[in-house]
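Survey of secondary and tertiary structure
Spelled out, the chains give:
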Number of protein chains: 2
Amino acid sequence: MIYLDHHSATRPCSPAIERMMPYLTEHWGASFAPHRMGQELIAALDTRYQMIYDFVGADLKDTFVFTSSGAEAVNQVLWSAFLEMSRKEGKCHFIASMIEDAPTMQMLKRLEELGCYVKIAPVNSRGEIDVEKLAQLINPRTALISVTLAHGLTGVIQPIEEIARLAKEKNVLLHVDANYALGKMVFSFAGLGADYCTFSGDRIHALKSSGGLFAKKGAPLSPLILGGTEQGGYRGGAFDVPSFMALSAAIQQSALYLDAMSLETARLRDQFESELQRLIPEAKPLFQDTLRLPNTSAIVFPRVHQEALLYLLNRKGVFAALGGPYCQHLSRTLIASGIPELDSECALSFALSRMTTEVEVVRAAAIIAEAVQQLQLLSKDLF
Amino acid sequence: MIYLDHHSATRPCSPAIERMMPYLTEHWGASFAPHRMGQELIAALDTRYQMIYDFVGADLKDTFVFTSSGAEAVNQVLWSAFLEMSRKEGKCHFIASMIEDAPTMQMLKRLEELGCYVKIAPVNSRGEIDVEKLAQLINPRTALISVTLAHGLTGVIQPIEEIARLAKEKNVLLHVDANYALGKMVFSFAGLGADYCTFSGDRIHALKSSGGLFAKKGAPLSPLILGGTEQGGYRGGAFDVPSFMALSAAIQQSALYLDAMSLETARLRDQFESELQRLIPEAKPLFQDTLRLPNTSAIVFPRVHQEALLYLLNRKGVFAALGGPYCQHLSRTLIASGIPELDSECALSFALSRMTTEVEVVRAAAIIAEAVQQLQLLSKDLF
């Protein structure tokens, strides 16, 4: 089995599991408990927070909320902007791009139901958000712009600096979804110029029960889940110490491997693409001329329907991705970037991790080539 | 160390940790992934769901949403009622009791900010919600009544059947918070006559990252966290398979030990109380004549301030509880039940688990008696 679907989940790394275990078997108290089983956790948490702030390049004055997922973090950011900006200041206009993930799009739809209105910025042929067109969507009632730092399926890194300048100039809040970027590229929350940054733990070898949001000092922030005084009142419910500990260990590992990610993983990804092109001369890796994440590759395999290929690869033990339903589907994302519909429906996306090996990518390329040839033979008369 | 604060956290049981582990080390895929790493999880989840439905006595037509905490589950229930009943049908009136936990009270406060109004039902001298007075609060615009099945600090089991009859008669939704009751007493969701039931995993020896809600077929239900199609669209974000597996194992254990809980744990609790009364004749266990959870004991230690006692017991290695801030504080709960203020401020609450032993309760009683005597000596002139 060769797993090239690190878009959707990553293997929890051993240091994450190891750091978590004592908090399940020994130090399992509630961190709010007014006795030793609670108090002993406070000091242990402290240094771990520092690690997360450092890795994301956040200022100690910024607020970090540990959530149960990236989706929850995104929801909380948009909800905070709604409560503080829309309800209190009448700023009820939101902007996102065409290539945002489900949590952003579905939460914005909910805000529409609650009386807000939402505009969607297009992407250009390089797979990047069109900043000029985005600028035209801003109006005096715009509360927040929500964009991804890098797209999960295409890997395209977005022009956040330009968008941040724009947001600052127009006095609009900016949320950057760093779900796919964290641990794959060097960035700092301070450097981005954004007001919020969110991520998910299950994309960086931590547990599924982890995610987080950073909010700049002064940016509106309200709890999404209410109940108690944990995390400064910004998130109710018992603080999930074991999962937080696992996240801190996974982040420490990500920091150690960040160079390897941008050198070795990028090299393997490039090797994967050229190997595929050698075996299938018609194969077209996409967005090679755009800045991309080092681990991601979207490739068109002409005359092969993506679903058939995904299915056949699954049987052959190679796991790839097609994205989610509706706008989150790879074909919709590609069509949005001006790639012909026929090509868009023949594409698959692959995401490596730092655990992916050269043997795996070479073997995967051979299996994919075999599968593509099988399917092309079958569908010869259809295309 | 003797841990008698099972109100705030319980030790994850070994079967829970064991059942979770393979889903961290081997089967760590995303359950929504369209390949083997995702699909293999679906069948594994299926039988585990059945176990949870059976234990809670839910009908297969009811909906179960696995959440990251009991707090999240409570938030989602109230939010669903708001979206569907208040916004669509104009039913913007909510009722809770004086002794509800923070998630309920804080979420209701948020609904007030969004235009709803909330009435609070009092409790009687038996520590039970006053059903007659609650009935008087219902009006034609009442959307939902939210009450706890048993109170965490006093252990008092609430008259849910009567409240359910009332709710049905008046066509009002009923949410029952079973956080403290699940695994401690026999009940079934079907038998309660409620529309919703919520609980938290960290009170029944599962992980902190687990909780859940049951909603009767037809009861309004909306996601609180949006993003994707997991759990039928009722909760966005990656489904936390490892924590769900741990919950299913913890629930299986709870089912096995349910008899032991109502017999052996109740016996130990009673022994704890009589031992304390033997050593401190003035000590007054509360609500002994009311139906209580088998594991909980609230006790007044005259002439000893509860905070001083809690602090001293902590130093001596016995961990008890005082509740949360504001209304969640033990003294406020007791005052609400008509217990004199002076007594209310001299009370502590203790909660055993099925893991608590006879040696522990006898030893704890001796340590508590010693601490009480020390403090009474110190404060002789104050009272």
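Remember, predicted model here, so these are calculated numbers, not experimental data. (Residues numbered from 1 in each chain as written. Chains lettered and ligands numbered in written order. Predicted model: local features only at pLDDT ≥ 70, side-chain atom pairs only at ≥ 80, totals over all residues. Heavy atoms only, no water.)

1. As for the interface of chain B and chain A
- On the chain A side, the residues contacting the 65 residues of chain B number 65 residues.
- In total, chain B and chain A occlude about 5200 Å² of area from one another, counting both sides; carbon and sulfur atoms represent 64% of this.
- Remark: the boundary between chain B and chain A carries zero salt bridges.
- Summed over the shared surface of chain B and chain A, the number is 20 residue pairs in polar contact (both at pLDDT 80 or more).
- Secondary-structure elements contributing two or more residues to the side of chain B that touches chain A are α1 (14-20), α2 (22-25), α3 (36-56), α4 (70-89), α5 (102-113), α9 (241-256) and α11 (306-315) of chain B.
- Among the residues forming the side of chain B that touches chain A, the class breakdown is 34 nonpolar, 19 polar and twelve charged. (Contact = heavy atoms within 4.5 Å. Buried area = accessible area lost by both parts, 1.4 Å probe. Salt bridge = Lys/Arg side-chain N within 4 Å of Asp/Glu carboxyl O. Polar contact = N/O pair within 3.5 Å; in protein donor to acceptor, adjacent residues only side chain to side chain. Helix = DSSP H or I, 4+ residues; strand = E, 2+ residues; numbered from the N terminus. Nonpolar A, V, L, I, M, F, W, Y, C, P; charged D, E, K, R; others polar.)

2. Here's the deal with the packing of aromatic side chains
- Counting across every chain of the model gives 33 aromatic pairs over all chains.
- Seen from their ring centres, A:Tyr3 and B:Trp28 are 4.6 Å apart, and the 65 degrees between their planes marks the pair as edge-to-face. With A:Tyr3 in strand β1 (residues 2-3) and B:Trp28 in the loop between α2 and α3, this pair bridges two chains.
- With relative accessibility at 7%, the residue B:Trp28 sits in the buried group.
- Each member of the aromatic cluster is reached from another via a ring pair, and the members are A:Tyr49, A:Tyr53, A:Phe64, A:Phe66, A:Phe189, A:Phe199, A:Phe214, A:Phe239 and A:Phe244. (Phe/Tyr/Trp six-rings, centres within 6.5 Å; stacked < 30°, edge-to-face > 60°. Buried < 20%, exposed > 50% of the residue type's maximum accessible area, 1.4 Å probe, protein only.)

3. Side note on the sheet that holds strand β9 (residues 284-285) of chain B
Residues and elements named next belong to chain B.
- An order of β9-β10-β12 is seen for the three strands of this open sheet, with the pairing classed as antiparallel. Two strands close off the open sheet at either side, each with one partner strand: β9 and β12 (347-351).
- Looking at chain direction, β9 and strand β10 (residues 296-300) are connected through two bridges and run antiparallel. In the strand pairing of β10, Lys284 is matched with Val300.
- Helix α10 (residues 258-279) rests against β9, β10 and β12 of the sheet, and its axis sits at about 15 degrees to β10. (Pairing = 2+ DSSP bridges. Axes fitted to C-alpha atoms, helices over the stretch in contact; angles between N-to-C directions.)

4. Some points on the pairing of strand β5 (residues 142-148) of chain A
All names here are of chain A.
- Most of β5 is tucked away: seven of the seven residues are buried.
- Pairing geometry for strand β3 (residues 93-97) and β5, over four bridges, is parallel. Bridged to Ala96 within β5 is Ser146.
- Note that β5 and strand β6 (residues 173-177) share five bridges and pair parallel. Across the sheet, the residue bridging to Leu144 is Leu173, located in β6.

5. Some points on the pairing of strand β6 (residues 173-177) of chain B
All names here are of chain B.
- Most of β6 is tucked away: five of the five residues are buried.
- Burial of the side chains of β6 extends over both faces: Leu173, His175 and Asp177 are buried on one face and Leu174 and Val176 on the other.
- Handedness of the crossover is the feature at issue here: the chain leaves strand β5 (residues 142-148), passes through helix α7 (residues 160-170), returns alongside β6, and the resulting connection is right-handed.
- In terms of strand pairing, β6 meets strand β7 (residues 196-200) through three bridges, oriented parallel. Bridge assignment links Val176 to a residue of β7, and that residue is Cys197. (Right-handed = clockwise from strand over helix to strand, strands pointing away.)

6. Comments concerning the confidence of the model for chain A
- Per-residue confidence for chain A gives a mean pLDDT of 96, with 99% of residues at or over 70.
- The complex prediction reports pTM at 0.97, with the ipTM value standing at 0.96. (pLDDT = per-residue confidence, 0-100.)

7. Re the packing of helix α3 (residues 36-56) of chain A against helix α9 (residues 241-256) of chain A
Residue and element names in this part refer to chain A.
- It is the contact of α3 with α9, at a shortest axis distance of 9 Å, that shows an interaxial angle of 35 degrees. Seen from above, α3 lies across α9 with left-handed handedness. Residues Leu41, Ala44, Leu45, Arg48, Tyr49, Met51, Ile52 and Phe55 of α3 touch α9, and the partners they reach there are Val241, Phe244, Met245, Leu247, Ser248, Ile251, Gln252, Ser254 and Ala255.
- Looking at the contact of α3 with α9 residue by residue, the classes come out as 13 nonpolar, three polar and one charged. (Left-handed = near helix turned anticlockwise from the far one by under 90°.)

8. Quick word on the nonpolar core
- One finds A:Leu134, A:Ile145, A:Phe214, B:Leu134, B:Ile145 and B:Phe214 to be the most contacted residues of the largest nonpolar core, which totals 124 residues.
- Those residues in contact with A:Phe214 that sit more than four places away from it in its chain are A:Ile52, A:Tyr53, A:Val56, A:Ala58, A:Thr63, A:Phe64, A:Phe189, A:Asp195, A:Tyr196, A:Cys197 and A:Phe199.
- Judged by nonpolar contacts, the second largest core, of 62 residues, contains A:Phe82, A:Cys92, B:Trp79 and B:Ala96. (Core = buried A, V, L, I, M, F, W, Y, C linked by side-chain atoms within 4.5 Å.)

9. Considering unusual backbone geometry
- Look at A:His205: it is not a glycine, yet its phi comes out positive at around 65 degrees.
- Despite not being glycine, B:Phe287 has its phi angle at roughly 60 degrees, a positive value.
- Judged by its relative accessible area of 9%, B:Phe287 is buried.

10. Focus: the relation of the copies chain B and chain A
- You can overlay chain B on chain A at an RMSD of 0.0 Å; the transform is a turn of 180 degrees with a shift of 0.0 Å along its axis. The transformation just described matches what one would write down for a two-fold rotation axis.
- Taken together, the interface assignments show that 100% of the residues at the interface of chain B recur at the interface of chain A, consistent with an identical surface on both copies. (Least-squares fit on C-alpha atoms with pLDDT ≥ 70 in both.)

11. Some points on the sheet that holds β7(B)
Residue and element names in this part refer to chain B.
- Pairing is mixed across the open sheet formed by seven strands, whose spatial order is β2-β8-β7-β6-β5-β3-β4. Strand pairing shows two members of the sheet lacking a second neighbour, β2 (63-67) and β4 (117-121), which therefore form its edges. The mean inter-strand angle of the sheet, taken between neighbouring strand axes irrespective of direction, is 20 degrees.
- α7 contacts β5 and β6 of the sheet and is inclined by roughly 175 degrees relative to β5.

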